[in-house]
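# Examining the three-dimensional arrangement
Spelled out, the chains give:
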Amino acid sequence: MPTIEAWSLWVHIAAGVLAVLAGTGALVTKKGGHRHRQAGKLFLVSMGVVVGTVFVLLALNPTSFRIILTLVAVFSGYLAFSGYRVLSRKRPAATPQRLDWIATGSVVLACLGLGVWGIVWVVTGNSFGLVMLVFGGIGVTFGTMDIRAFQRDTSGEWLVSHLQRMIAAFIATISAVSAVNLTPVLGILAWLWPTIVGTPLIYYWSKEHSKE
């Protein structure tokens, strides 16, 4: 009979696959349309399950690698969460809630830890530290951007912020799927190629939508 760990792993994998499919659906459907919104909600829920199950897996077997995966999952889940929460601040009078501050503070601390840990690994000759450093740096960057945004009126920038965070969350999800399946072939590049490909696209789309 499957153990709790086995069930959690299968749910984690299924949620990750569903997140990739839902994220793809959100990208290819008309922005703001019914299908886009439904796909986006499914993506958000799937990411929530991914984050929840990775904590269960960590509690059942707290290895160093699972700690790293948990920190990466927190980073990925936050990007999806913050991308969704941006929509609640579309109006000038809207203000960030306590939940926004807690989530942002948590991801900054988690990603600082991930980045510092990555530096230690790089210095000691472990190349995987570069992956940790990249994801940690991205998480701190987005978290810091959100903290600054909370302190001023950014209602006119909600579309670009939403786009940046949701696409970044999708890229992080693709990175995790790629890492699981392609690491034996590509090494650390299996973790990094989605970011290498996706970052210029985020920049391009952000510039295009900032004109609207």
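Residues numbered from 1 in each chain as written. Predicted model: local features only at pLDDT ≥ 70, side-chain atom pairs only at ≥ 80, totals over all residues. Heavy atoms only, no water.

Quick look at the overall build of the protein chain now. Helices and strands together make up the secondary structure of the protein chain, namely seven helices and zero strands. Its helices and strands in sequence order give the protein chain the pattern α-α-α-α-α-α-α, from N to C terminus. Its C-alpha atoms give the protein chain a radius of gyration of 17 Å, near enough to 17 Å, the size a compact globule of 212 residues would have. Seen through its C-alpha atoms, the protein chain measures out along the principal axes to roughly 50 × 40 × 35 Å. When burial is assessed residue by residue, the protein chain has 44% of its 212 residues classed as buried. When contacts within the protein chain are restricted to residue pairs at least 6 apart in sequence, those whose partners lie at least 24 apart make up 70%. (Helix = DSSP H or I, 4+ residues; strand = E, 2+ residues; numbered from the N terminus. Rg over C-alpha atoms; globule rule 2.2 N^0.38 Å. Buried < 20%, exposed > 50% of the residue type's maximum accessible area, 1.4 Å probe, protein only. Contact = heavy atoms within 4.5 Å.)

Next up on the list: the packing of helix 1 (residues 4-28) against helix 6 (residues 158-186). Direction vectors running N to C along helix 1 and helix 6 enclose 140°, while the axes themselves pass 10 Å from each other. Between helix 1 and helix 6, the angle is such that the two are oblique. Of the two elements, helix 1 crosses helix 6, and the hand of that crossing is left-handed. Of the residues in helix 6, those in contact with Gly16, Ala19, Val20, Gly23, Thr24 and Leu27 of helix 1 are Ile167, Phe170, Thr173, Ile174 and Val177. (Axes fitted to C-alpha atoms, helices over the stretch in contact; angles between N-to-C directions. Parallel < 35°, antiparallel > 145°, perpendicular 65-115°, else oblique. Left-handed = near helix turned anticlockwise from the far one by under 90°.)

What follows deals with the pattern of salt bridges. Taken as a whole and assessed by the stated rule, the structure comprises three salt bridges. Arg165 is the salt-bridge partner of Asp146, the closest N and O atoms lying 2.6 Å from each other. Within this pair, whereas Asp146 is found in helix 5 (residues 129-150), its partner Arg165 is found in helix 6, the two being separated by 19 residues in sequence. Judged by relative accessible area, which is 4%, Asp146 ranks as buried. When its relative accessible area of 2% is taken as the criterion, Arg165 is described as buried. (Salt bridge = Lys/Arg side-chain N within 4 Å of Asp/Glu carboxyl O.)

What follows covers the packing of aromatic side chains. Inspection of every chain in the model, using the stated rule, returns six aromatic pairs. With a centroid separation of 4.9 Å and an interplanar angle of 65°, the aromatic rings of Trp101 and Phe150 are classed as edge-to-face. One end of the pair, Trp101, is in helix 4 (residues 98-123); the other, Phe150, is in helix 5, with 49 residues separating them in the sequence. The exposure class assigned to Phe150 is buried, which follows from its relative accessible area of 9%. Here Trp121 and Phe128 contribute two aromatic rings whose centre-to-centre distance is 6.2 Å and whose plane-to-plane angle is 55°, an arrangement assigned as tilted. Each residue in the set Phe75, Trp117, Trp121, Phe128, Phe135 and Trp191 is aromatic and connected to the rest through ring pairs, giving one cluster. (Phe/Tyr/Trp six-rings, centres within 6.5 Å; stacked < 30°, edge-to-face > 60°.)

In this structure, Arg85 sits in helix 3 (residues 64-85). Residues Arg85 and Thr195, spaced 110 residues apart in sequence, show a C-alpha to C-alpha distance of 23 Å. Among residues more than four places away in sequence, those in contact with Arg85 are Gln97 and Asp100.

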